[in-house]
Amino acid sequence: MMIGVLGLQGDFREHLWALQKLNAEAIVVKTVEDLKRVSGLIIPGGESTTIGRLARITGIADELHKRVIQGMPVYGTCAGMILLAKRIANYPNQYSFGLMDIVVERNAYGRQVESFEVDLPIQVIGGKFKAIFIRAPKIVECGDKVEILAEYNGSPVFVQQDNLLAGSFHPELGNDLRVHEYFLRMVGVKYAGVH
Ligand code: GLN
């Protein structure tokens, strides 16, 4: 089973390495043809405006809509989460895929220099996880079908809606692979993990 990491811009290589460390078969997705080969997709952090623009130009955005409706699991981190959201509160005209019933606020956790790490309790992965926030978006509204998997300072930072997973933080930048493992389980990958 092949997992894709959207590689139009942003830190897609780090996600690829994380998946490879878990012995998952993974490719960088840059075209619609690449997207057709995968059974699950990670949308990385980066610049949500750039990734969104390139996804439309390449036709990936349309194909992604089709695949998500068919049930393909997708995990958006940071800019990836912004792109999954139905609305961006502080940039209402910015394009997003609009697949998830969440409203986000871009850059709500401060600037690049104000990046931080917190030990976040995440029950679905078995406990505390060192979560790295870099110009992270905040989830300011969640629909009824959205399950909150982790909160920070009273706001959701890791959420799931059926086959869609999204988080404000960057699990690909640490050595703890449990969040990626959780996503692989959503995709239904049978693999020999490192744990
Ligand atoms: N601030 C970025 C954006 O709005 C997201 C930051 C990130 O992905 N680390 O696209």
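Here, every reference points to the structure presented above.
Just so it is clear, the model here is predicted, and its values are computed rather than measured. (Residues numbered from 1 in each chain as written. Predicted model: local features only at pLDDT ≥ 70, side-chain atom pairs only at ≥ 80, totals over all residues. Heavy atoms only, no water.)

**Q** Can you walk me through the site of the ligand in this structure?
**A** Taken together, G45, G46, E47, S48, C78, A79, I82, R106, N107, I134, R135 and H170 make up the full set of residues adjacent to the ligand. Here S48 contributes a backbone N or O atom positioned 2.6 Å from an oxygen atom of the ligand. Interatomic distance of 3.1 Å between a backbone N/O atom of I134 and a nitrogen atom of the ligand. Protein chains shield 95% of the accessible area of the ligand, which is 300 Å² for the free molecule. Looking at the shell around the ligand, its residues break down into four nonpolar, five polar and three charged. (Near = heavy atom within 4 Å. Polar contact = N/O pair within 3.5 Å; in protein donor to acceptor, adjacent residues only side chain to side chain. Areas by Shrake-Rupley, 256 points an atom, 1.4 Å probe, with all protein chains shown as cover. Nonpolar A, V, L, I, M, F, W, Y, C, P; charged D, E, K, R; others polar.)

**Q** Explanation requested: the sheet that holds strand β2 (residues 25-29) in the structure shown.
**A** The strands that make up a sheet pair up through hydrogen bonds in the backbone, lying either parallel or antiparallel. Read across the sheet, seven strands follow the order β2-β1-β3-β4-β12-β11-β10 without closing on themselves; strand pairing throughout is mixed. Two strands bound the open sheet, and with one partner strand each, they are β2 and β10 (147-152). Pairs of neighbouring strands in the sheet enclose a mean axial angle of 20 degrees, with direction left out of account. Across four bridges, strand β4 (residues 74-77) lies against strand β12 (residues 164-167) in parallel orientation. Within the sheet, the bridge partner assigned to G76 lies in β12 and is A166. (Pairing = 2+ DSSP bridges. Helix = DSSP H or I, 4+ residues; strand = E, 2+ residues; numbered from the N terminus. Axes fitted to C-alpha atoms, helices over the stretch in contact; angles between N-to-C directions.)

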